[in-house]
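Coordinate inspection notes
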There are 2 protein chains.
Amino acid sequence: MENRSFVLRGDICWSDRQKKLHCAQDAYLVCENGRCAGVFDALPQGYAALPLIDHRGKLVIPGMADLHIHAPQYAFRGLGMDLELLDWLQQYAFPEEAKYNDLEYAKAAYRVFADNLRRSATTRISAFATVHLDATVLLMELLEEAGIAGYVGKVNMDREAPDELREPDAAHSAALTVEWLQAVKDKCTSIRPILTPRFLPSCSDALLEKLQEIRKGWALPVQSHLSENPGEVAWVAELFPKAAFYGDGYDRYGFFGKDAKTVMAHCVYCTEEEMQRMQDNGVFVAHCPASNMNLSSGIAPIRRFLERGIRVGLGSDVAGGESESIFRAISDAIQVSKLYWRYVDSAAAPLSFEEAFYLATLGGGEFFGDVGSFLPGYAFDAVVLEDAPLNPLNTLSLPQRLERAVYLEADGKYLREKYVDGKRVV
Amino acid sequence: MENRSFVLRGDICWSDRQKKLHCAQDAYLVCENGRCAGVFDALPQGYAALPLIDHRGKLVIPGMADLHIHAPQYAFRGLGMDLELLDWLQQYAFPEEAKYNDLEYAKAAYRVFADNLRRSATTRISAFATVHLDATVLLMELLEEAGIAGYVGKVNMDREAPDELREPDAAHSAALTVEWLQAVKDKCTSIRPILTPRFLPSCSDALLEKLQEIRKGWALPVQSHLSENPGEVAWVAELFPKAAFYGDGYDRYGFFGKDAKTVMAHCVYCTEEEMQRMQDNGVFVAHCPASNMNLSSGIAPIRRFLERGIRVGLGSDVAGGESESIFRAISDAIQVSKLYWRYVDSAAAPLSFEEAFYLATLGGGEFFGDVGSFLPGYAFDAVVLEDAPLNPLNTLSLPQRLERAVYLEADGKYLREKYVDGKRVV
């Protein structure tokens, strides 16, 4: 195993748990056995013997956490953007996902996905695969090879999907899920399984019952979609008349934070009651601003979530979102929060850059454990950006350099190194 | 002079005046003496002797028109995004613009601007410079060298600006404007002067009077800002109590379309009365969706403008917008139109991709004459994109390839050639 203890010297920025941005110019970031030992203005004597990598003049920041991404949809990102959610699922998402029954297609497509993700600033993801066992195992292996960490879920759906994609019944879906869990049990270490009922409309009560048993038996975290679109919310109310609200439908089966670590994507139309339950249960929100614009869903009330202490991270939601860049998600989140303030709720102050950067790193990172910051003890997930070409004229402060690098999506062109758990992957 | 008659063979997309998108796979686009002769499925005999450039498999589209960009603000794009318009002007825009009194600084900064613009898909711009004569002439020369066509304006402002930027009085501002017009009269051919009163609050009545005389004498087009932000609109009402509405303030001096070709940036808060005047007078709208988000201004009612037959193009509004990419402005325009539909006016259908592509090309191009399409007789402004790397898996239709190239901003990485008036500039 390579040496996972070393020091990076550079211009270092990170957030703390109070969402505050810290910046240290020409400082030392120490990695000890894959974990952060801290940021120091002068290198402490105790670390003087570690290998020193000189990145003076470059930005060193935590890796980005993507709390919601659909791996099989990467192949059609940036297409069909004139449709709303339910039509878009029928015309684009489902037909594409059906192709992953073919392992050769899956191999070609997931390789592109994993390779592009490797070259982005993203270090942790919570990803949806498809219903297919073999393709899902393959995706996990490819992501692991690409050095990405996090969760991948085989999707469960036994209704309200086209025949070629729908699992025939609850028993079949559950059995395949167990088979998948057994297949990856000893296989992947940095990419772990996550239970993934697609969303309430695509799961029968019988399937939800069975998945609940699996969740308990395997102690799995959970990911799904919540209150994304008015049409979808109304449909859920029809399908689950017993549920007091959308999230209550999940909660009845233990998929809403109380019994398992849970992340819910979108959360655009959460009622006060739903927010209260999320707060009580510790549900994470995956805020996907680009997707919520593209599919005409709306703008999630992020300020309200933050005021309640609900934990929020960012999601690219490829291919509802056109780009896998979490840098882009940061500027999108700020931009839509300004429109939310302007048009929906003038009491909801727009997100500051500092806050949105926090969401992209520590906010979402916490879903994966002690991840997303350079606080001592945190996983050493870091990216190094050579941002000097963006700043040929004026001397900028470190926070200004960071803001510009994010707004101009400097991860695409100027990423020079990337570390996950102290392992160099770019 | 180089040969400006030739043929491009490739996959060609363009809009017509009915906003309809036309796509011709493996077709021929003919340039004769710098103007389009048309698109042909088979090359007509009459053009068989022209040089043929083989771009089979690549996208060939009209160049993008940027109807609103501040050249001196390029140096601080992507900074200070947590501020609203009037604070942002005081803290970022004005201090930066003051630097252009120093010709050496201007040379360094404008060179970066012109070079980056050259490598983008933009072929025509309507740009603000600063109040400074020498720097403005220099900008025009650099843009001309970079092969960009369009307009540049020396800014006029004799009040409500910091001392180091404000022109001392109306007479001085007017005299300097005439001096500038004389300086560039025989100098630049593809970059022409445009009268540029910064916005109503920064111009005294006396200055507006004098500029009106200059406009008449020199037969100049006009560019300015209109109804961008509620605070600004209220301020204008205070400063110009005689004006019935913001645009009426311009109209009283002949700066609102009736007497001169005019483009107004933003137009977020136009009243019915203002829209009616714009329609009657033929004012062009420069829609700047990114800037309107970044500065918390809001969303311009583009559907309403289009329904009235008001002419609309897109603007990057660097540095209110963080990017000079008009591809990005296309997807931004679509995204915010969906939020407008969702939150402001459910009768205003979101912009389709086809419509937004039209705005970016022919919609804005018309401000410059017969520009922005491949209709016969139009200026030969074209860009060639090698989009194959974006599509490694599935065979896409030509409209799909175009949509993806725009959403993924393929102009940044995959632009291969660019022509303006039939002259190759990249």
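Anything mentioned here points back to the structure above.
Scope of this entry: the structure provided in the associated data block. Computed from a predicted model, the values in this text were never measured in an experiment.

So, the packing of aromatic side chains
Counted by the stated rule, this structure contains 38 aromatic pairs over all chains. Between tyrosine 74 of chain A and phenylalanine 113 of chain A, the aromatic rings sit 5.5 Å apart at their centres with planes inclined by 70°, giving edge-to-face as the arrangement. One end of the pair, tyrosine 74 of chain A, is in the loop between strand E5 (64-70) and helix H1 (85-98); the other, phenylalanine 113 of chain A, is in helix H2 (residues 103-118), and 39 residues separate them in sequence. What makes tyrosine 74 of chain A buried here is its relative accessible area of 3%. Judged by centre distance (5.3 Å) and plane angle (80°), the ring pair of phenylalanine 6 of chain B and phenylalanine 380 of chain B falls under edge-to-face. Of this pair, phenylalanine 6 of chain B sits in strand E1 (residues 6-15) while phenylalanine 380 of chain B sits in the loop between helix H12 (353-365) and strand E15 (382-385), and the two are 374 residues apart along the sequence.

Thoughts on the state of the cysteines
For the structure shown, the criterion picks out zero disulfides over all chains. Cysteine cysteine 270 of chain A shares no disulfide, and the gap to the nearest cysteine sulfur, in cysteine 267 of chain A, comes to 4.4 Å. Residue class for cysteine 270 of chain A comes out buried when judged on its relative accessible area of 10%. Looking at the unpaired cysteine 31 of chain B, the closest cysteine sulfur is the one in cysteine 36 of chain B, lying at 6.8 Å. Judged by relative accessible area, which is 0%, cysteine 31 of chain B ranks as buried.

Re the interface of chain B and chain A
One frequent convention defines the size of an interface as the accessible area lost when the parts assemble. Facing 53 residues of chain B, the contacting portion of chain A comprises 53 residues. At the boundary of chain B with chain A, total buried surface from both sides reaches about 4,400 Å², with 51% on carbon and sulfur atoms. Here chain B is connected to chain A by five salt bridges. Residue glutamate 409 of chain A pairs with arginine 328 of chain B through a salt bridge whose shortest N-O separation is 3.9 Å. Where chain B packs against chain A, one counts 36 residue pairs in polar contact (both at pLDDT 80 or more). For the side of chain B that touches chain A, the element with the most residues is helix H11 (residues 326-343) of chain B, which contributes 10 residues. Considered class by class, the residues forming the side of chain B that touches chain A number 28 nonpolar, 12 polar and 13 charged.

Comments concerning the side chain of glutamate 96 of chain B
Structurally, glutamate 96 of chain B can be placed in helix H1 (residues 85-98). Within polar-contact distance, the side chain of glutamate 96 of chain B engages the side chain of tyrosine 105 of chain B at 2.6 Å. In contact with glutamate 96 of chain B, other than residues within four places in its own chain, are Asn394 of chain A together with Pro72, Ala75, Phe76 and Tyr105 of chain B.

Quick look at the pairing of E1 of chain B
Residues and elements named next belong to chain B. By the criterion of burial, E1 is predominantly enclosed, with 10 of the 10 residues buried. Two strands pair when backbone bridges link them, and E1 and strand E2 (residues 21-32) are joined in this way by nine bridges, in the antiparallel orientation. Counterpart to serine 15 in the pairing with E2 is leucine 21. Where E1 hands over to E2, the hairpin turn is made up of five residues, of which lysine 19 adopts a positive phi near 70°.

Regarding the sheet that holds strand E5 (residues 64-70) of chain B
All names here are of chain B. Pairing within the open sheet is parallel, and its four strands lie in the order E5-E6-E7-E9. Looking at the sheet topology across the chains shown, the edges are occupied by E5 and strand E9 (191-193). For this sheet, the mean angle separating the axes of adjacent strands, direction not counted, is 20°. Pairing analysis gives three bridges linking strand E7 (residues 149-153) to E9, with the strands arranged parallel. What sits directly across from glycine 150, in E9, is isoleucine 191.

Considerations on the relation of the copies chain B and chain A
Least-squares fitting of chain B to chain A yields an RMSD of 0.0 Å, with the transformation described by 0.0 Å of translation along the axis and a rotation of 180°. Here the transformation between the copies is reduced to the relation of a two-fold axis. Residue tyrosine 343 of chain B, judged by its C-alpha, is the member of chain B lying nearest the rotation axis, at 3.4 Å. When the interface residues of chain B are mapped onto chain A, 100% of them are again interface residues, pointing to one common binding face.

Calculation notes
- Residues numbered from 1 in each chain as written.
- Chains lettered and ligands numbered in written order.
- Predicted model: local features only at pLDDT ≥ 70, side-chain atom pairs only at ≥ 80, totals over all residues.
- Heavy atoms only, no water.
- Phe/Tyr/Trp six-rings, centres within 6.5 Å; stacked < 30°, edge-to-face > 60°.
- Helix = DSSP H or I, 4+ residues; strand = E, 2+ residues; numbered from the N terminus.
- Buried < 20%, exposed > 50% of the residue type's maximum accessible area, 1.4 Å probe, protein only.
- Disulfide = S-S within 2.5 Å.
- Contact = heavy atoms within 4.5 Å.
- Buried area = accessible area lost by both parts, 1.4 Å probe.
- Salt bridge = Lys/Arg side-chain N within 4 Å of Asp/Glu carboxyl O.
- Polar contact = N/O pair within 3.5 Å; in protein donor to acceptor, adjacent residues only side chain to side chain.
- Nonpolar A, V, L, I, M, F, W, Y, C, P; charged D, E, K, R; others polar.
- Pairing = 2+ DSSP bridges.
- Axes fitted to C-alpha atoms, helices over the stretch in contact; angles between N-to-C directions.
- Least-squares fit on C-alpha atoms with pLDDT ≥ 70 in both.

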